[in-house]
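# Results of the structural survey
What follows is each chain in one-letter form.
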Amino acid sequence: MERVLDVRNLKVYYFTSKGPVRAVDDISFYINKGETLGVVGESGCGKTTLGTALLNMPTPPGKVVGGEIIIDGTNILELNENQLRKNVRWEKISMVFQGAMNSLTPAYTIEKQMLETLRYHRELDEQEARERIKKYVNLVGLSDDVLKRYPHELSGGMKQRIVIAMALFLEPELVICDEPTTALDVVVQAQIINLLKELKQKLNLSFIFVTHDLATEAEVADRIMVMYAGKIAEIGTNDQIYGEQGPMHPYTSNLLAATPRLHKKVEKLNFIPGSPPDLLNPPAGCRFHLRCPVVMEKCRTEEPPLKEVEKDHYVACWRCYENE
Amino acid sequence: MSDVIFELKNVKKWFPARRNLGQLLSGERKWIKAVDGVSLKIKRGEIFGLIGESGCGKTTTGKLIMKLMEPSDGQIIFNGEDVTHLDKERLGQYKRNVQMIFQDPYASMNPRFRAVDVLTEPLEIHGIGKSKAEREELAAKALEAVKLTPPEDFLGRYAHMLSGGQRQRLATARTLILSPDFIVADEPVSMIDLSTRAEILHMMKEVQQSMGLTYLYITHDLSTARYFTDRIAVMYLGKIVEMGYADDLIDKAKHPYTKALISAVCEPVSGKVNQSKEVPIKGEIPSAANIPEGCRFHPRCLYAKPECMQGEDPELQEVENGHYVACIRYKEIEEMGTSWR
Ligand SMILES: Nc1ncnc2c1ncn2[C@@H]1O[C@H](COP(=O)(O)OP(=O)(O)OP(=O)(O)O)[C@@H](O)[C@H]1O
Ligand SMILES: Nc1ncnc2c1ncn2[C@@H]1O[C@H](COP(=O)(O)OP(=O)(O)OP(=O)(O)O)[C@@H](O)[C@H]1O
Ligand code: SF4
Ligand SMILES: [Mg+2]
Ligand SMILES: [Mg+2]
């Protein structure tokens, strides 16, 4: 299958006065054309850091300190700012930032914000730009008259549609959506989920869908990548993670058991005692070992590699390999 | 004592809306009807869930119960006593019995306060405990109640030395220290990790059972409400549209709005990626300053008929044991079956 993105041994650290925060620490994965990869994990595990790094746009004091990000045969980490802006960002890969719908400029009409964004990324004459904006506003299910309105005159769902439209302008192949539904009401969440599915079909897009909610991921992601403390714990297909057999990594299974289900009465929700480690000083061995219910001696000292344990199913856990 | 701890009788809270020039000149008044005729009874020892979309009036209802504001109309009864209007002294006592927790572990906590300061402050405010030592002992007990043990390990810690879950435990300990009978727990649109939330709810349930407390739990999330509460009321634009035992309300939902909410919920099960979600509802929630006539849900309802669009709101009536619905067509809709799914 054709890959739109191949990430190898990516490391992104924040260089703070206390030392490097290892927010993304040696991770490798890929995305096939036309699929949605879900990225889940608890707050602070590195999801947003990964997203911005994929645009080669880490937030200072963050720096990409190693690895490769391959898009269309090119390692984009080797490109300069100019090349990135011209050929990569928004052209090949774009991002709907966490909370973007709440950071639209209040004093600008929607049309003006969109024009500015569009023309920042590509030189277009006024007429062309306006037409393109109209096209994408309609594509995300809004009518033209929102263009004359101000952000405070739009509902949360409408604002989210606007920022999604802005990520699509330049027809990228891959769109990263960082917590696009978290701050929305459940009915609006469902509408946004439907919109993304529809866009994926219509435009043959690939998505990275970032959230901390495993339930949402079940409805949008073809494959799911679970992150823990800057590392990948598990990658599996939707069936492998949510099907009968269930996930393999103890972190994923515990997270799933902490996720309430509407149509199933549970007496007790599970939770994972403790909290994720400080990424300034991550623990040795498996980063989950301090909270793991099935920890072994080896887990405390040796880091488990991410291994393909069955077709398309990758796990980093000493308990999950055969013959170990 | 009666088994009803709280009763709200047709409680309303209207805020004056900002007026434009025309309205100012014509003297026309506009109201934001945040809570617009809520009646309910909360039973002693239960966890009562209040659920609904953003802006439907949940927090305002909580604040009315907390007596952080006066209702515009209606009556609030607490332990058989009319507490709608209280003098200052009685209000002070009331506020010891009824406490509010914001379910947000990242909410601000004074960074210069240690856990012990966080806990002894309310005691000082209410003049509880004869000495500092006595108050610190109460603080240690409160930490034990929320399983921050051994308390000596936590008393000296500042907020930044606690995890999200531990911080919420501390916030809970702070409300428990005054031995309230009733707690309003308000959960915002949630950025909280699911595991942290599960941990908090688990702890809150244990505390509730061991101390015989009553909770009003305010949330957006039906899945959590089903797990955590005994009964649930669904609120829409300032009014309760359906109320019942948690399982009944979800398994046998009757109001078209509740049905829409249920069908919008994501479930962590496989096999749903390639279909789109069907949510039987139209349009968006109108503003609380412009409540539609007739059934206030009618502009979004797929079952609305002309008789839904005029006159008074449908009454919240008991249609099965403990199951209340405010919809004039609920029976016909039921007979149509589950085709909406
Ligand atoms: N600008 C920064 N400076 C220093 N550390 C940072 C910075 N931004 C993020 N971090 C740290 O990097 C780690 C990963 O943060 P990131 O924002 O990527 O997490 P996340 O998974 O997106 O979390 P959330 O679910 O809360 O959005 C965290 O430990 C965070 O504290
Ligand atoms: N002090 C106030 N003055 C004017 N309007 C108010 C005030 N407080 C609340 N409102 C309005 O009353 C309505 C109900 O607000 P409330 O905060 O109770 O909703 P909620 O259900 O708690 O929403 P959320 O889920 O977003 O917390 C909203 O339209 C809100 O804008
Ligand atoms: S490697 Fe060990 S500590 Fe880590 S998840 Fe597996 S069993 Fe648990
Ligand atoms: Mg993030
Ligand atoms: Mg609220």
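Scroll up to find the structure this text is about.
In short, a report on the structure. (Residues numbered from 1 in each chain as written. Chains lettered and ligands numbered in written order. Predicted model: local features only at pLDDT ≥ 70, side-chain atom pairs only at ≥ 80, totals over all residues. Heavy atoms only, no water.)

Before going further, it helps to spend a moment on the sheet that holds strand E4 (residues 73–78) of chain B. Note on sheets: strands pair through backbone hydrogen bonds, and any given pair is parallel or antiparallel. Residues and elements named next belong to chain B. Taken in spatial order, the four strands line up as E2-E1-E4-E5 in an open sheet, and their pairing is antiparallel. Both edges of this open sheet fall to strand E2 (31–43) and strand E5 (81–82), since each of them pairs with a single strand only. Taken together, the two bridges between E4 and E5 define a ladder with antiparallel strand orientation. Residue pairing for E5: Phe78 is matched across the bridge by Glu81. Strands in contact with helix H2 (residues 58–66) are strand E1 (4–16), E2 and E4; relative to E1, the strand with the most contacts, it is inclined by about 120°. (Pairing = 2+ DSSP bridges. Helix = DSSP H or I, 4+ residues; strand = E, 2+ residues; numbered from the N terminus. Contact = heavy atoms within 4.5 Å. Axes fitted to C-alpha atoms, helices over the stretch in contact; angles between N-to-C directions.)

All names here are of chain A. Relative to strand E12 (residues 313–315), strand E11 (residues 307–310) is paired through three bridges, and the arrangement is antiparallel. Counted as the bridge partner of Glu308 is Tyr314 from E12. Here E11 folds back onto E12 in antiparallel fashion, the turn holding two residues, of which Asp312 has a positive phi close to 65°.

Residues and elements named next belong to chain A. In terms of residue burial, strand E9 (residues 223–228) counts as a mostly covered element, since six of its six residues are buried. Along E9, one buried face is formed by Arg223, Met225 and Met227 and the opposite face, lined by Ile224, Val226 and Tyr228, is buried too. As judged from the four bridges shared by strand E3 (residues 36–40) and E9, these two strands associate in the parallel manner. The partner of Gly38 across the bridge, within E9, is Ile224. Pairing geometry for E9 and strand E10 (residues 231–237), over six bridges, is antiparallel. Note on E10: the bridge partner recorded for Arg223 is Thr237. Here E9 folds back onto E10, and the loop between the two strands holds two residues, one of which, Ala229, carries a positive phi near 50°. (Buried < 20%, exposed > 50% of the residue type's maximum accessible area, 1.4 Å probe, protein only.)

Six octahedral donors around a metal ideally subtend angles of 90 or 180 degrees, whereas four tetrahedral donors ideally subtend 109.5 degrees. Residue and element names in this part refer to chain A. At the metal site, the magnesium ion (ligand 4) is ligated by Thr48 (OG1) and Gln98 (OE1), and these contacts range over 2.0 to 2.3 Å. Residue Thr48 is found in helix H1 (residues 47–54), and its partner Gln98 is found in the loop between strand E6 (93–96) and helix H3 (110–121); the two are separated by 50 residues along the sequence. We classify Thr48 as partly exposed; its relative accessible area is 31%. (Donors = N, O, S within 2.8 Å, 3.2 Å for Na, K, Ca; no water.)

A few words now on the environment of Pro314 of chain B. When you line up the elements, Pro314 of chain B lands in the loop between helix H11 (256–264) and strand E11 (317–320). If we ignore the near neighbours within four places in the chain, the residues touching Pro314 of chain B are Gly294, Cys295, Ala326, Cys327 and Ile328 of chain B.

Around ligand 3 sit His249, Pro250, Cys286, Phe288, His289, Cys292, Val294, Cys299, Pro304, Cys317, Trp318 and Arg319 of chain A, and that is every residue in its neighbourhood. Tallied by class, the residues present in the shell around ligand 3 amount to nine nonpolar, two polar and one charged. (Near = heavy atom within 4 Å. Nonpolar A, V, L, I, M, F, W, Y, C, P; charged D, E, K, R; others polar.)

Remember that the coordinates give geometry; whether it matters functionally is a separate question.
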